[in-house]
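Residues per chain are reported as follows:
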Amino acid sequence: MNESAGSSAKQPGDKQIRQLDHVVIRFAGDSGDGMQLTGDRFTSETAQLGNDLSTLPNFPAEIRAPAGTLPGVSSFQLHFADHDILTPGDEPDVLVAMNPAALKANVADLPAGATVIVNIDEFGKRPMAKVGYAVSPFEDGSLADFTVHQVPLTSMTVTALEELDVAKRDAVRAKNMFALGLISWLYSRPVESTIAFIERKFASRPEIARANVAAIKAGWAYGETTEGFAVRYEVKPAKLPAGNYRNITGNTALAYGLVAAGVQARLPVFLGAYPITPASDILHELSKHKRFGVTTFQAEDEIAAVGAAVGASYGGALGITSTSGPGVALKSETISLAVALELPLVVVDVQRAGPSTGLPTKTEQADLNIALFGRHGEAPVAVVAASSPSDCFHAAIEASRIALKYRTPVILLSDGYLANGSEPWRLPEISELPDLQVSYADGPNHTLPNGEEVFWPYKRDPETLARPWAIPGTAGLEHRIGGLEKKDGTGDISYDPANHDLMVRTRAARIEAIDVPDLEVEDPDGDARVLALGWGSTYGPIGAACRKLRANGHSIAQAHLRHLAPMPANLGAVLASYDKVVIPEMNLGQLSQVLRARFLVDVVGYQQVRGLPFTSTELESVFEEVVKNV
Amino acid sequence: MSEAITESGPRPGTAFDLVPKATAPQTAKEFKSDQEVRWCPGCGDYAILAAMQGFLPELGLKRENICFVSGIGCSSRFPYYLDTYGMHSIHGRAPAIATGLAVSRPDLSVWVVTGDGDALSIGGNHLIHALRRNVNLKILLFNNRIYGLTKGQYSPTSEVGKLTKSTPMGSVDWPFNPLSLALGAEASFVARTIDSDRKHLTSVLRAAAEHEGSAFVEIYQNCNIFNDGAFEVLKDPESRDEALIRLVHGEPITMGKEAEWSVVRTGWGLGVVESSTVDPADVVVHDETVADPSYAFSLSRLPGLDLRHTPIGVLRSVKRPTYDSIVRDQLTEASTGTESGAELEKLLHSGDTWTIL
Ligand code: SF4
């Protein structure tokens, strides 16, 4: 965090105020300590101050992992700045550790000079021994590089709530709000919105609301009065494009995008879903928006979820199913059916670390292969990937647009990081959103040699190659569709070899014919010989690394693929125009492999699968290496 | 039910209140598609198709508002042969696909055509969940107790010890009783009929069509190629009266040419005894509306492995709110009447927002 010189000022209470241009804070505690809520609230306070921000929640797969253990640690990292930023930050400047496990699990990520605020009440012999601290970390010198504040968060919270009629247990549980009050004071964040939030959340339990509000205020007051914190910080608002903003997570943005797609297409939305981490929030969110004509169907399994979505699409709705990798595997056969039926279908895959159950709460982008190829037979679909939490909104609209216009399954890739991470989002005007309206077939579309007007369910639009969407209830268009190969045009069952060859090629051509925009390349210096290419959630770290590199005098170009199938028409030319193309991926090189096979370019892949996003520092050194050697 | 056979046109207060009605009389021919029927000659499926083509005009719904969804198997070719809307989908998944269709389109009469392998093996999960939800679907399970399309392996309804290509020493699986399974899955309508008895078949189809919610109909269907005569005991004039129990709502349950056999309460359930040995007042009078499913379940358990005492007709038909109507009610309740663009604007701006000038 860079301090600007000479910007210190005195303020009442004799505390100095220092200006910073950006800060990375990580809140860490037991999974039952309320760290996600604390982080969310701090984020909300920060957003309203007008900082740019980016968040990274990180939590265990268990709902309540054993208390005080390393696997039970839940954390929430927030990066906020007075300028636009792209990532949740590589290393925390400040770590708030609610117990020894939280300290132990996170201390290795801290750079020298970081601030550590610990809840000293929890650092008894036993809890320390539980995570392997034979000697107290405050005595063994292991924290020598950091500024350590030992704050008795629990006991001060309990004391602060003595006057109130709350059970000791509830008082202890409010310690996260004490910590929030303290950190809000330290970084000059207003707590009014959090107080209002708590009063709303606990409206039916006023005593709990009072306790939490009192804890926040006590934390704030503690900061103001204690000698321990001599300096207070400010981060000025960022100069972002004018507009109305809100903070949003990827899953919420994605759900809103699906609602918006229904509105823009003037179609009912039908979501079939089976609960699965980290996609369930899309089901939860859409369930709240029935007023838009959104039906949510919690199915008996992943297969039924996609099956019902196909059924709804057949009936004329925008059929959607949301899941994660294991669910995509189960849905594979039904997606192939939708390929044969040529019906609109959006399949949302919020990727998580696999294979199998893998690391269900950790991020990865290793489902690109299954999205592109994971079906039997030649079964091409369109694939769209979101690049940031707020981009999930626009990516969902784009996926729906393609599905409706081309009557095809579209796989929309998000991932665990985008799903739970958040950032400020400049709210679009409804008038800026694309019109997705398509029309159903309403009459005959073919004239037989004898002059008879008939309806052919597989007679295509010559431009889009899409077949007519003729929904049940339309008189005169009664027809049968199915998974058996169909005769071109009539849609009758056909076992003719030449027809099958034609249909396979036509289905492929139909996907290739989808109108996707050209790939845009960002190369501010105009002389870059290296291109950093990514897809999905690596957009932030790749962009941040490129900025750092350019700031150090190197040229590097950046481009990001939103459309993975079909790929932009200019992609081959773009790849060919650089000496080196480097592709970071959170998998073992799936995009690299596709591009090598398709364009015969010797791309440089860089991969990690640690369940966490890339850091920009890591990518900076990777890119630098490539740039220096061209 | 006997009235139902002769009566024509939709009756009010039934499953298709929301389905548009035909404005002119329809004929069986109108419901025949132009596709060549490709079942083996002599297959029981032909009789079921003919019964359906004969019955649909009687139902009096607009042809375009009827949709058949099937899975995979011989029976699942059914939709191709009816000039309604239809989808021949994938193995076992028809109830799931039909659920999405029925929930989003109350103006359709949605039928699922499936077989013993399709519905009870690969698609068992979807079948039981469609039934428990009581989605407005009519599920016709053509049970031939064999896999036909894959050329003769034993199925989940094949008798133990069945010799097939995959079980040269006899199958060792215990079979499902489809009606018992449907009842255990909370089905609100459960019936059985036979391919060879067109009159009975039609009456059951009508009762199923009119039922609000999921209707489950098992149709005994002869596969003359791989399991010929599986239901012969129920069809042969010599044996059928001794073997079949024809259930009629409101009438005592008896069997035999002269009603020599009667169904009475025994032990935990029902049993068949010689009529001469019981007080006629003790003979169970069939009531398909009994709320407790154990009654219908006891009926479903009457036949032995030799199929003697097989009940046909409607075992259970009870009223329960349908899944799709409740889903629609929630949509209506949630509706604000605001123009959707304005509502979307409100949604995007909900929560904490701020403005940058
Ligand atoms: S194999 Fe059996 S069930 Fe299939 S069409 Fe032939 S006779 Fe009918």
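No experiment lies behind these values; they were computed from the predicted model shown.

Undergrad: How should I be thinking about the overall build of chain A in this particular structure?
TA: Helices and strands together make up the secondary structure of chain A, namely 20 helices and 26 strands. In terms of overall dimensions, chain A is globule-like: its C-alpha atoms have a radius of gyration of 27 Å, near the 25 Å expected for 630 residues. Each principal axis of the C-alpha atoms in chain A carries an extent, and together these give about 95 × 60 × 45 Å. Taken over 630 residues, chain A has a buried fraction of 53%. A separation of at least 24 residues holds for 75% of the contacts in chain A among residues at least 6 apart in sequence.

Undergrad: Would you mind going over the overall build of chain B with me for this structure?
TA: For chain B, the count of helices and strands is 12 helices and 12 strands. Over its C-alpha trace chain B gives a radius of gyration of 22 Å, about what one expects of a compact globule, namely 21 Å for 357 residues. C-alpha atoms of chain B, sized along the principal axes, occupy 90 × 50 × 45 Å. In chain B, once contacts between residues fewer than 6 apart in sequence are set aside, the share between residues at least 24 apart is 68%.

Undergrad: I keep staring at the nonpolar core and nothing clicks. Help me out?
TA: The nonpolar side chains of a soluble globular protein tend to be buried, and buried together. Residues and elements named next belong to chain A. Core analysis: the largest hydrophobic core is formed by 206 residues, its most contacted members being Val269 and Leu412. Inspection of this core shows a minimum of three residues originating in each of domain 2 (246–432) and domain 4 (521–629). Residues in contact with valine 269, not counting those within four places in the same chain, are Leu258, Val259, Gly262, Phe292, Gly293, Val294, Ala317, Leu318 and Ile320. Membership of the second largest hydrophobic core comes to 58 residues, among which are Val94, Val166, Met177 and Ala179.

Undergrad: What should I look at first to understand the site of the ligand in this one?
TA: The environment of the ligand is formed by B:Trp39, B:Cys40, B:Cys43, B:Asp45, B:Cys74, B:Asn144, B:Gly148, B:Cys223, B:Asn224, B:Ile225 and B:Phe226. For the shell around the ligand, a count of residues per class yields 7 nonpolar, 3 polar and 1 charged.

Undergrad: What's the story with the pairing of strand S6 (residues 215–220) of chain B in this structure? I'm lost.
TA: For a regular strand, side-chain orientation follows a simple rule: the groups alternate between the two sheet faces. Residue and element names in this part refer to chain B. The buried fraction of S6 amounts to 6 of the 6 residues, a majority that puts the element mostly inside the structure. With burial as the criterion, each face of S6 is covered, one bearing Ala215, Val217 and Ile219 and the other bearing Phe216, Glu218 and Tyr220. Examined bridge by bridge, strand S4 (residues 137–143) and S6 share 6 bridges and lie parallel to one another. By the bridge assignment, lysine 138 is partnered in S6 with alanine 215. Note that strand S5 (residues 189–194) and S6 share 6 bridges and pair parallel. Bridge assignment links isoleucine 194 to a residue of S6, and that residue is tyrosine 220. Remark: the S5/helix H7 (residues 198–210)/S6 crossover connection has right-handed handedness.

Undergrad: Before we go on, may I ask you to explain the domain arrangement of chain A in this structure?
TA: Where interface size is quoted, it is often the accessible area lost as the parts come together. By domain assignment, chain A separates into domain 1 (9–235), domain 2 (246–432), domain 3 (439–515) and domain 4 (521–629). Centre-to-centre, using C-alpha coordinates, domain 1 of chain A lies 61 Å away from domain 3 of chain A.

Undergrad: Looking at this structure, I do not really get helix H11 (residues 302–314) of chain A. What am I missing?
TA: Residues spaced three or four apart along an α-helix face the same direction, because each turn holds 3.6 residues. All names here are of chain A. End to end, H11 covers 19 Å across 13 residues, agreeing with the expected 18 Å (1.5 Å per residue, within 8%). With 13 of 13 residues buried, H11 is to be regarded as a mostly interior element. Of the residues one or two after H11, glycine 316 is the one with positive phi, at around 105 degrees.

Undergrad: Where do I start with the interface of chain A and chain B in this structure?
TA: Of the residues lining the interface, 57 residues belong to chain A; the matching set on chain B comes to 52 residues. At the level of elements, helix H1 (35–48), strand S10 (243–249), helix H9 (250–265), strand S11 (269–273), strand S12 (294–298), H11, helix H12 (325–341) and strand S20 (480–482) of chain A are the ones that each hand at least two residues to the side of chain A that touches chain B. In terms of residue count, the dominant contributor to the side of chain A that touches chain B is H11(A) (9 residues). Taken together, the residues of the side of chain A that touches chain B sort by class into 29 nonpolar, 19 polar and 9 charged. Two strands pair when backbone bridges link them, and S20(A) and strand S2 (residues 85–88) of chain B are joined in this way by 3 bridges, in the parallel orientation. The residue bridging A:Gly482 from the neighbouring strand is B:His88, located in S2(B).

Undergrad: Explanation requested: the UniProt feature "domain: Thiamine pyrophosphate enzyme TPP-binding" (unreviewed entry) in chain B in the structure shown.
TA: UniProt's entry tags residues 72–219 of chain B with the feature "domain: Thiamine pyrophosphate enzyme TPP-binding" (unreviewed entry), counted in the numbering of this structure. Secondary structure across residues 72–219 of chain B divides into 32% helix and 20% strand, with the first and last C-alpha atoms of the span separated by 17 Å.

Undergrad: How do you make sense of the sheet that holds strand S4 (residues 52–58) of chain A when you look at a structure like this?
TA: The strands that make up a sheet are held in pairs by hydrogen bonds between backbone atoms, and each pair lies either parallel or antiparallel. Residue and element names in this part refer to chain A. Across the sheet, which stays open at both edges, the 6 strands sit in the order S4-S5-S3-S6-S7-S8 with mixed pairing between neighbours. The sheet terminates laterally at S4 and strand S8 (147–151), the two strands that pair on one side only. Between one strand and the next, the sheet's axes are offset by a mean angle of 15 degrees, whatever the strand orientation.

Undergrad: How should I be thinking about the environment of B:Leu137 in this particular structure?
TA: All names here are of chain B. Within the secondary structure, leucine 137 is located in strand S4. Overall, leucine 137 belongs to the buried group, with 29 C-beta atoms counted inside 10 Å. In this structure the C-alpha to C-alpha distance between leucine 137 and histidine 211, which are 74 residues apart in sequence, comes to 9.1 Å. Those residues in contact with leucine 137 that lie beyond four places of it in its chain are Pro95, Ala98, Thr99, Ala102, Val110, Val112, Ala130 and Ser214.

Undergrad: I keep staring at the confidence of the model for chain A and nothing clicks. Help me out?
TA: Low-pLDDT portions of the prediction should not be read for the details of their coordinates. When the pLDDT values of chain A are averaged, the result is 95; 98% of them are 70 or greater. Segment residues 4–10 of chain A is flagged for pLDDT under 50; beyond a separation of four residues in sequence, or across chains, it makes 9 contacts in the model.

Undergrad: Looking at this structure, I do not really get the sheet that holds S6(B). What am I missing?
TA: Pairing is mixed across the open sheet formed by 9 strands, whose spatial order is S20(A)-S2(B)-S1(B)-S3(B)-S4(B)-S6(B)-S5(B)-S11(B)-S7(B). Among the strands making up the open sheet, the edge pair consists of S20 of chain A together with strand S7 (244–246) of chain B. In this sheet, neighbouring strand axes are inclined to one another by 20 degrees on average, regardless of whether the strands run parallel or antiparallel. The strands touched by helix H3 (residues 94–104) of chain B within the sheet are strand S1 (66–70), S2, strand S3 (109–115) and S4 of chain B, with S3(B) carrying the most contacts at an inclination of about 180 degrees.

Undergrad: What should I look at first to understand the confidence of the model for chain B in this one?
TA: All names here are of chain B. When pLDDT is averaged along chain B, the result is 94, and 96% of the positions lie at 70 or above. The low-confidence segment residues 1–8, where pLDDT is below 50, has 12 contacts with residues more than four positions distant or belonging to other chains. Scoring of the predicted complex yields 0.94 for pTM and 0.95 for ipTM.

Undergrad: Would you explain the environment of A:Arg375 in this entry?
TA: Residues and elements named next belong to chain A. With respect to the helices and strands, the residue arginine 375 is situated in the loop between helix H13 (368–373) and strand S15 (382–385). Looking at arginine 375, the number of C-beta atoms within 10 Å reads 21, which means it is buried. In this structure, the C-alpha to C-alpha distance between arginine 375 and alanine 329, residues 46 residues apart in sequence, is 8.7 Å. Setting aside chain neighbours within four positions, we find arginine 375 in contact with Ser332, Ile335 and Ser336.

Procedures and definitions
- Residues numbered from 1 in each chain as written.
- Chains lettered and ligands numbered in written order.
- Predicted model: local features only at pLDDT ≥ 70, side-chain atom pairs only at ≥ 80, totals over all residues.
- Helix = DSSP H or I, 4+ residues; strand = E, 2+ residues; numbered from the N terminus.
- Rg over C-alpha atoms; globule rule 2.2 N^0.38 Å.
- Buried ≥ 20, exposed ≤ 12 C-beta atoms within 10 Å, placed from the backbone.
- Contact = placed C-beta atoms within 7 Å.
- Core = buried A, V, L, I, M, F, W, Y, C linked by C-beta atoms within 7 Å.
- Domains from an automatic or database assignment.
- Near = placed C-beta within 6 Å.
- Nonpolar A, V, L, I, M, F, W, Y, C, P; charged D, E, K, R; others polar.
- Pairing = 2+ DSSP bridges.
- Right-handed = clockwise from strand over helix to strand, strands pointing away.
- Expected span 1.5 Å × (residues − 1).
- UniProt positions renumbered as here; feature names shortened; annotations may be inferred.
- Axes fitted to C-alpha atoms, helices over the stretch in contact; angles between N-to-C directions.
- pLDDT = per-residue confidence, 0-100.

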